[in-house]
Amino acid sequence: MKKKETLSFQSEVKQLLHLMIHSLYSNKEIFLRELISNASDAVDKLKFQALSKPDLYENNSNFKIQISIDKEKKLITISDNGIGMTRKEVIENLGTIAKSGTKDFIKSLNLSSNNKTEINSHLIGQFGVGFYSSFIVADKVIVKTRAAGNPIDQGVFWKSKGEGNYEIANINKELRGTEIILHIREKCKEFLDIWRIKTIISKYSEHISLPIEVKTYNEKEKKYFWEQVNKAQALWLRNKSNISENEYKEFYKQLTYDQTDPIIWSHNHVEGKQEYISLLYIPSTIPWDIRNRDYKNGLKLYVQRVFIMEDAEQLLPKYLRFIRGLIDSNDLPLNISREILQKNSIIHNMKITLTKKVLNMLMSLTKQPKKYNDFWKKYGLIFKEGPAEDIKNKNLIIKLLRFTSTFNNDAEQNISLNEYVKRMIKGQKKIYFLTSDNYLSAKNSPHLEFFNKKGIEVLLLVDHIDEWMMSYINEFEGKTFQSISKQDDSLDEFIKNKDNIIEDKIKKEFQPFLKKIQDLLGNKIKKVKLTNKLIKTPAIVTTDSNEMSTQMAKLFAAAGQETPEIKYNFELNPNHILIKKILTIKDKDYFSEFIYLLLDEAILAEKGTLEDPNQFIHRINNFLSKI
Ligand code: ADP
Ligand code: MG
């Protein structure tokens, strides 16, 4: 061994190793999945680099992963003939943690380990700390590796007990690639059993597309041979009709590290002008950071079976970023880069057809309402970015939206526009909706009184994004959308019923009263008028149809943008006892107090907040003290 030195692990690695060794009680077997996955990645990387440098193959392109067990010496050895590592790469990859997400992950583990809870083992792979999982079962790990294309004497030796440091040196290594030797802990002897190892491979690595061979003893011939234990054929290349549901699920788990079954998937061999295979899944576990629009979508890109890149986000629009899976294209150039992806017309066309595929898959999922509700609960909020982002598919997207409505007493979003339209009453031309901060404030909004009385269904929109989304949706099957907190002259037209019309007599009677209020409030409001839309409530505020709505103004404010002050219409219910009472008040100050109180109440019901809540409280207390 030459150039031997002892180096210290980065502090995060030390932490991680400590946690791995001391907190991972069950599911220790995942170490093998991690090492096989690294070996398989290493082969993918070599194939990719050899596209431009065929010499890297070193005349050996018979790719495989080999695993052998030495029961006596308590060793498991995993070797591959992939890309290998240089000395510098070994130090970087097996001594530090580069990804910032992983560091956050360790912090979160640290917390939970203090609480003596167990590490969630499937997180380990997801966060790319896979190699270190070898220390779960091994008290000493040796790595021998040589980077493809490097001379034989530039092999690298690495050894560690997973404590604070590791040893590194140069060695001769004939075969390209990496060999990992695990000295199995006494407590983990169970893994020295060949059947156990084969079972673990089938469980986690069945769909690795290169052969995984295990060194097996043939009793009859009294000698060892390499037995291939997986199919070693990429699942997506196989004929759909020969793939079982279970195989699709297992493949998904291997692809994503998610341990739960996907909600649905779609596998397609596309032929014709463009040739590609797509395998798309909707996961049932939501990644923690998916709300973020910068979240990388999980489609893997292959070109002619060669793995090209992770997270090719150009393949799907952002509002479908929850889709996981892969694409294998026959038409793309093998040397395609992320930059080229953005401008490539093949990618552009693929994105169009893939988007349609996903939308159709969702459409078919609506036939299983329980599953669709599950989907909507998890991804509805993200999907709602659709109408704004994907104008071409807007009609299809709108059909897939789900809402809360006054039809049922259910805060869950489970009503489609199709259902709504079927229930529209005679003469109804518009789809009515109300946006608000939360379900309760929407459900109890005074705006609904009239609609409830008339039996007209109203959609209740309470997600932050809703107001913004609705500004991109103009119509559904020829019916326009109408916010019921906005002025709507057509409503009177639509429900021409005696009891809805304010009689001229009353109008006349209230004329001076309205003027008095208008004079009192001045430009605090836009207009005072009577309304027949209220029953229990004395007064509400509404906005004109061309005015920004309250919810939209809140959105802008939350985003730190300046918004013009909303000028409300102040609408009074002439049948309400309070209004009738105020009508008779002669005292100017008392009248004014009453009106301000009513206005504040109406604004509070609409906005959920007041500019000066203390003044409001003061007024109420004033009134109360007079009881
Ligand atoms: P990840 O696989 O998510 O990157 P790991 O901890 O599993 O994280 O591996 C860290 C890095 O070590 C890999 O990214 C790779 O660069 C390198 N590595 C691990 N195993 C091998 C291997 N068998 N051959 C080549 N490089 C490897
Ligand atoms: Mg890995």
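First, a word on scope: everything that follows refers to the structure included in this document. All values derive from a computational prediction rather than experimental measurement.

### Regarding the pairing of strand 2 (residues 65-70)
Here's step 1: Where strand 2 and strand 3 (residues 75-80) come together, 6 bridges link them in antiparallel fashion. Among the inter-strand pairings, Ile-65 is bridged to a residue of strand 3, identified as Asp-80.
Here's step 2: Between strand 2 and strand 3, which pair antiparallel one after the other, the connecting turn spans 4 residues, and Lys-74 there sits at a positive phi close to 60 degrees.
Here's step 3: Of the strand pairs in this sheet, strand 2 and strand 8 (residues 212-218) are connected by 3 bridges, and their pairing is parallel. Among the inter-strand pairings, Ile-65 is bridged to a residue of strand 8, identified as Ile-212.

### A few points about the packing of helix 2 (residues 30-50) against helix 7 (residues 194-205)
Here's step 1: Between helix 2 and helix 7, whose axes approach to 9 Å, the crossing angle comes to 65 degrees. As helix 2 runs across helix 7, the sense of the crossing is right-handed. Between helix 2 and helix 7, the contacting residues are Ile-30, Leu-32, Arg-33 and Ile-36 on the first element and Ile-197, Ile-200, Ile-201, Tyr-204 and Ser-205 on the second.

### What to know about the environment of Ser-490
Here's step 1: Within the secondary structure, Ser-490 is located in helix 18 (residues 490-494).
Here's step 2: We classify Ser-490 as partly exposed; its relative accessible area is 29%.
Here's step 3: Counting along the chain gives 119 residues from Ser-490 to Thr-609, while the straight-line C-alpha distance between them is 30 Å.
Here's step 4: Within polar-contact distance, the side chain of Ser-490 engages the side chain of Lys-430 at 3.1 Å.
Here's step 5: Side-chain polar atoms of Ser-490 contact the side chain of Asp-488, separated by 2.7 Å.

### So, helix 20 (residues 550-558)
Here's step 1: Within the span of helix 20, buried status applies to Thr-550, Gln-551, Met-552 and Ala-553.
Here's step 2: Contact partners of the buried residues in helix 20: strand 16 (430-435), helix 17 (466-470) and helix 22 (588-607).
Here's step 3: Positive backbone phi, at 75 degrees, marks Gly-560, one or two positions downstream of helix 20.

### Quick look at the pairing of strand 19 (residues 479-483)
Here's step 1: Sheet topology places strand 16 next to strand 19; 4 bridges connect them, and they run parallel. Within strand 19, the residue paired with Ile-431 across the bridge is Phe-481.
Here's step 2: Bridging between strand 18 (residues 475-476) and strand 19 involves 2 bridges; their strand directions are antiparallel. By the bridge assignment for strand 19, Glu-475 is matched with Thr-480.
Here's step 3: The antiparallel hairpin formed by strand 18 and strand 19 contains 2 residues in its connecting segment, where Glu-477 sits at a positive phi of about 45 degrees.

### Observations regarding the nonpolar core
Here's step 1: If you look at the biggest cluster of nonpolar residues, it comprises 74 residues, and the most contacted ones within it are Ile-282, Leu-301, Phe-322, Ile-323, Phe-375 and Phe-383.
Here's step 2: Once residues within four sequence positions are removed from consideration, Ile-282 is found in contact with Pro-262, Ile-263, Ile-264, Phe-322, Ile-323, Met-361, Leu-362, Phe-375 and Tyr-379.
Here's step 3: Counting 54 residues, the second-largest nonpolar core is a separate cluster that includes Leu-16, Leu-35, Phe-191 and Leu-210.

### Structural notes on the sheet that holds strand 7 (residues 177-184)
Here's step 1: Across the sheet, 9 strands lie side by side as 1-6-5-4-7-3-2-8-9; this open sheet has mixed pairing. Looking along the sheet, the strands with just one partner apiece sit at the ends: strand 1 (2-8) and strand 9 (223-228). Here the average twist between neighbouring strands, direction ignored, is 20 degrees.
Here's step 2: Contacts from helix 7 reach strand 2, strand 3, strand 8 and strand 9, with the element oriented near 155 degrees to strand 8.

### Quick look at the pattern of salt bridges
For side chains of opposite charge, pairing can occur when their charged atoms come near one another.
Here's step 1: One pass over the full model with this rule turns up 35 salt bridges.
Here's step 2: The salt bridge partner of Glu-29 is Arg-196, with a shortest N-O separation of 2.9 Å. With Glu-29 in the loop between helix 1 (11-23) and helix 2 and Arg-196 in helix 7, the pair connects residues that are 167 residues apart, well separated along the chain.
Here's step 3: For Lys-526, the salt bridge identified is with Glu-547, shortest N-O distance 3.0 Å. Separated by 21 residues along the polypeptide, Lys-526 in the loop between helix 19 (504-521) and strand 20 (527-530) and Glu-547 in the loop between strand 21 (539-542) and helix 20 bring together distant segments of the chain.
Here's step 4: A relative accessible area of 17% places Glu-547 in the buried class.
Here's step 5: Residues joined by salt bridges that share partners form a network here, namely Glu-245, Lys-249, Glu-250, Lys-253 and Asp-261.

### Here's the deal with the environment of Lys-486
Here's step 1: The residue Lys-486 is located in the loop between strand 19 and helix 18 in this model.
Here's step 2: In sequence terms Lys-486 and Glu-547 are 61 residues apart; their C-alpha atoms lie 8.4 Å from each other.
Here's step 3: With near-sequence residues (within four places) excluded, Lys-486 lies in contact with Thr-543, Asp-544, Ser-545, Glu-547 and Ser-549.
Here's step 4: Polar side-chain contacts of Lys-486 include one of 2.8 Å to the backbone oxygen of Glu-547.

### Things to note about the sheet that holds strand 16
Here's step 1: Read across the open sheet, the 5 strands follow the order 15-17-16-19-18; overall the sheet is mixed. The open sheet has two edge strands with one neighbour each: strand 15 (404-405) and strand 18.

Here is what the cut-offs are and how they apply
Residues numbered from 1 in each chain as written. Chains lettered and ligands numbered in written order. Predicted model: local features only at pLDDT ≥ 70, side-chain atom pairs only at ≥ 80, totals over all residues. Heavy atoms only, no water. Pairing = 2+ DSSP bridges. Helix = DSSP H or I, 4+ residues; strand = E, 2+ residues; numbered from the N terminus. Axes fitted to C-alpha atoms, helices over the stretch in contact; angles between N-to-C directions. Left-handed = near helix turned anticlockwise from the far one by under 90°. Contact = heavy atoms within 4.5 Å. Buried < 20%, exposed > 50% of the residue type's maximum accessible area, 1.4 Å probe, protein only. Polar contact = N/O pair within 3.5 Å; in protein donor to acceptor, adjacent residues only side chain to side chain. Core = buried A, V, L, I, M, F, W, Y, C linked by side-chain atoms within 4.5 Å. Salt bridge = Lys/Arg side-chain N within 4 Å of Asp/Glu carboxyl O.

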